[in-house]
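Now for the letters of each chain:
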Amino acid sequence: MRIASVHIHKLSAPLRERFGWSLNWTSVRTATLVEVRTDSGITGWGDGAAAEELLQSHPELVLGRSPFEVESIYEDLRRPPYKQGRPGASRCGGLDTALWDVIGQAVGLPVSQLLGKQYRSAIRPYCTALYRKDWPDLAAGLCEEALFWKQQGFRAVKMKIGYNPETDIRIVRAVRAAIGADMGLAVDANCAYSVGDAISLGRRLEESNLLWWEEPVMADDLIGYARLHDQLRIPLAGGETLLADDLIRDYIQPRLVDILQPEVELIGLTGARRITPLCWLNHVQLVPHNWGTAVRTAAILQWMATVPPLTPALEACPATFEFDQTESPFRDAVVETGFRLGPDGTIAIPQTPGLGVRVIPEAVAQFRTQLISIN
Ligand SMILES: [Mg+2]
């Protein structure tokens, strides 16, 4: 079996209602789906980056090779012989995921069985929502939305902060009061603060009993993270923008964060498999970032099946991952069956061959604004 062609589908769709976070506002959702076709008739899909500029100039790095060379292809894309710069410079998570999907289908196994030991067959996600919208009263709008997600069965929710310290304190206190003490609450500042402001704000956030504070400072402010770690009683989280080598060197080995949030979009399932035992050895909890289509959620579920429990306790440190619930016209529309929270608050990990989702090419075409074919 050989890789015959790679098709990179760029998706975009307008939103009914714009939303914002500390960095920006948006009225559209975008995503990239990568389709790998083989000469055997098997087609694999991934959601994320595809090193497209590199592939356009050097298609031989992928075309004509066996999908079973996935590790070798990953290495060649991160250390391209033709490219300046240090290893890890190519983002290829979508392409890598599509290759694992091909392999799983070819051997008739779910990708989780190829990645490692299966520790679980279902996982309890946390809900990502609670962006800012054009509400007349931000805190009231967030409280109403948070209660909606609680009623939907979520046991934990993450809200955006990073607007300014006074606003953040006001909205976090309001949401915590609205959802009660029995629901998990995490906050995400998207790198909004200087370390000094983050320390003083963090001390005021401690009373709200947060699951974690995500990206309080810039992702490359390693000394800043270390200072926050020493001075705050809130678990720190981060890593969604970094490639596997940077995560290992800067975040996992120094235990810079309590919770690592890698993006399969960037690191692929090959990168995910590499960092999993290192996180376990360094006592860093893996809680993958997830901002894409159901194809990415499927990849994360296959990965999370294989992430060992951080401690042997039955309930103290449950596995979880990000389940984005903000408006997305194409998140579930591009697959036959999207993911829904079950009545027990968990999502079952697909056991069918490959990633376990069936992409609908016609639905992909409906949201596509650009197609890049390498063949
Ligand atoms: Mg984030």
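Just so you know, the residues in each chain are numbered from 1, in the order the chain's sequence is written. Totals for whole chains, interfaces and linings use all residues, but because this is a predicted model, local features are given only for residues with pLDDT of at least 70 and pairs of side-chain atoms are given and counted only at 80 or more. With hydrogens and water stripped out, all remaining heavy atoms of the structure feed into the side-chain values.

This part takes up the sheet that holds strand β5 (residues 126-128). Two strands make a pair as long as DSSP finds a minimum of two bridges between them. Numbering of helices and strands runs from the N terminus, with a helix taken as a DSSP run of H or I at least four residues long and a strand as a DSSP run of E at least two residues long. Taken together, eight strands build an open sheet; the order of strands is β11-β10-β9-β8-β7-β6-β5-β12 and the sheet is parallel. On the outer flanks of this sheet lie β11 (285-286) and β12 (322-324), each paired with one strand and no other. Pairs of residues are marked as contacts when any of their non-hydrogen atoms sit within 4.5 Å. An axis is simply a line fitted to the C-alpha atoms; with a helix, the fit covers only the stretch in contact. Between two such axes, the angle follows the N-to-C directions and lies from 0 to 180 degrees. Contacts from helix α6 (residues 165-179) reach β6 (156-160) and β7 (184-188), with the element oriented near 160° to β7.

Moving on, we come to the coordination of the magnesium ion. Sites may look incomplete, because water is not among the atoms used; the donor set itself consists of N, O and S atoms within 2.8 Å of the metal (3.2 Å for Na, K and Ca). All of the protein donors around the magnesium ion are Asp188 (OD), Glu214 (OE) and Glu240 (OE); their distances to the metal are 2.1 to 2.2 Å. Within one chain, the residues donating to the magnesium ion are spaced in sequence as D-x25-E-x25-E. Of this pair, Asp188 sits in strand β7 while Glu214 sits in strand β8 (residues 213-214); the two residues are 26 residues apart in sequence, bridging distant segments of the chain. The residues Asp188 and Glu214 share a single accessibility class, namely buried. The buried label goes to any residue with under 20% of its type's maximum accessible area, the exposed label to any with over 50%, and the partly exposed label to all in between, with areas taken from a 1.4 Å probe on protein chains only.

Boundaries between domains were set according to an automatic or database domain assignment. Assigned domains within the chain: domain 1 (3-108 + 358-374) and domain 2 (115-348). Taken together, the 46 residues of domain 1 in the interface contact 45 residues of domain 2. We define buried area as the total accessible area lost by two parts upon association, computed with a 1.4 Å probe and summed across both. Between domain 1 and domain 2, a total of about 3,700 Å² is buried, with carbon and sulfur atoms accounting for 54% of that surface. Salt-bridge detection follows one rule: a side-chain nitrogen of Lys or Arg within 4 Å of a carboxyl oxygen of Asp or Glu. There are nine salt bridges connecting domain 1 and domain 2. Between Arg358 and Glu336 there is a salt bridge whose closest N-O contact spans 3.5 Å. N or O atoms closer than or at 3.5 Å make up a polar contact, with two conditions inside protein: a donor-capable atom paired with an acceptor-capable one, and, for residues adjacent in sequence, both atoms drawn from side chains. On inspection of domain 1 and its partner domain 2, the count reaches 25 residue pairs in polar contact (both at pLDDT 80 or more). No other element matches the 10 residues that strand β1 (residues 3-20) contributes to the side of domain 1 that touches domain 2. Its residues assigned to classes, the side of domain 1 that touches domain 2 comprises 23 nonpolar, 11 polar and 12 charged. Just so you know the grouping, Ala, Val, Leu, Ile, Met, Phe, Trp, Tyr, Cys and Pro go in nonpolar, Asp, Glu, Lys and Arg go in charged, and all remaining residues, Gly too, go in polar.

A few words on the sheet that holds β1. Ordered in space as β3-β2-β1-β14, the four strands form an open sheet in which the pairing is antiparallel. Two strands lie at the open edges of the sheet, namely β3 (43-47) and β14 (368-374), each paired on one side alone. Along the sheet, successive strands turn relative to each other by an average axial angle of 20°, direction set aside. The sheet contact formed by β1 and β14 spans six bridges and is antiparallel.

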